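Residues per chain, in single letters:
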Amino acid sequence: MILLGFCAPVLGQSSTDEEGITKLLAKLFRGMELGDSAMVSSTFTKSATMVTVSKVLPENGESVVRQNPNALKDFLNAVGTPHDEIWYEEIWDIKIQKDGDFVQVWCDYAFYRGKKNFSHCGADAFHAYKGSDGWKFFHLAYSISKNGCNIPEAIKVKHQ
């Protein structure tokens, strides 16, 4: 519900496209919660790419960019591998830019392992296109940090 509430104010989008993008985001994050790699996979093109900008791993505090040609496959394997805790990725401040059948989606996120275990935060930047089977993500770049997370109070309360 939080996702849908934050998507509503996006201006300049047709309601059909906005609904399609909103549903695509919701499906991705619901699939993560369910540990359903097939559901998550269905939101991406087969050749989708992923890039991570991380401040978590380096000891000197500098960001490290990681691009792995198998990142999507690895991500889907991680989602589908049984884990003790549900994965929740809460998003807010969603910004959608559209040009025809090309969309860029930017949002802040907080990731929780289980209901109460905050893991990290950052920003997601999705690129999607609309084909004959609807909207699909073809690229995801995201940042990871454990500090400086300005998580909205409604999300914090949900995970107490």
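The following paragraphs examine the structure supplied in this document. These numbers come from a predicted model, not from an experiment.

## Details of the sheet that holds strand β1 (residues 44-54)
Here 6 strands make up an open sheet; going across it, the order is β2-β1-β6-β5-β4-β3 and the pairing mixed. Every interior strand has two partners, whereas the edge strands, β2 (64-67) and β3 (87-99), have only one. Strand-to-strand twist in this sheet, taken as the mean axis angle between neighbours without regard to direction, amounts to 20°. Where β3 lies against strand β4 (residues 102-113), 11 bridges are found, and the strand directions are antiparallel. For isoleucine 96, the partnering residue across the bridge sits in β4 and is valine 105. Packed onto the sheet, helix α2 (residues 15-34) meets β1, β3, β4, β5 (117-131) and β6 (134-144) and runs at close to 160° relative to β3. Strands β1 and β3 of the sheet are contacted by helix α4 (residues 71-80), whose axis makes an angle of about 90° with β1.

## Thoughts on the side chain of serine 54
Within the fold, serine 54 resides in strand β1. In this structure, serine 54 is in contact with Glu62, Ser63, Val64 and Ile144, ignoring residues within four places of it in sequence.

## So, the pairing of β4
Connecting β3 to the next strand, β4, in antiparallel fashion are 2 residues, including glycine 100 with a positive phi near 65°. Direction of pairing for β4 relative to β5: antiparallel, over a ladder of 12 bridges. By the bridge assignment for β5, cysteine 107 is matched with aspartate 124.

## Section: unusual backbone geometry
Glycine aside, a negative phi is what most residues show, and trans is what most peptide bonds show. For aspartate 93, which is not a glycine, the phi torsion comes out positive at approximately 50°. With respect to the secondary-structure elements, aspartate 93 resides in strand β3.

## Details of the packing of aromatic side chains
Counting across every chain of the model gives 6 aromatic pairs. Seen in terms of ring centroids, tryptophan 87 and phenylalanine 111 are 5.9 Å apart; in terms of plane orientation they differ by 65°. Their pairing is edge-to-face. In this pair, tryptophan 87 sits in strand β3 while phenylalanine 111 sits in strand β4, placing the two residues 24 residues apart along the sequence. You'll find tryptophan 87 and phenylalanine 111 in the same group, each marked buried.

## Things to note about the nonpolar core
Generally speaking, soluble globular proteins have nonpolar side chains that are buried together. Judged by nonpolar contacts, the single largest core of 30 residues is most densely connected at Phe44, Phe75 and Phe126. Those elements giving two or more residues to this core turn out to be α2, β1, α4, β3, β4, β5 and β6. Among the elements that take part in this core, α2 stands out by supplying 6 residues, more than any other. Setting aside residues up to four positions removed in sequence, phenylalanine 44 forms contacts with Leu28, Leu72, Phe75, Lys136, Phe137 and Leu140. Counting residues in hydrophobic clusters, the runner-up holds 6 residues, among them Trp92, Ala110, Ile151 and Ile155.

Cut-offs used in this document
Residues numbered from 1 in each chain as written. Predicted model: local features only at pLDDT ≥ 70, side-chain atom pairs only at ≥ 80, totals over all residues. Heavy atoms only, no water. Pairing = 2+ DSSP bridges. Helix = DSSP H or I, 4+ residues; strand = E, 2+ residues; numbered from the N terminus. Axes fitted to C-alpha atoms, helices over the stretch in contact; angles between N-to-C directions. Contact = heavy atoms within 4.5 Å. Phe/Tyr/Trp six-rings, centres within 6.5 Å; stacked < 30°, edge-to-face > 60°. Buried < 20%, exposed > 50% of the residue type's maximum accessible area, 1.4 Å probe, protein only. Core = buried A, V, L, I, M, F, W, Y, C linked by side-chain atoms within 4.5 Å.

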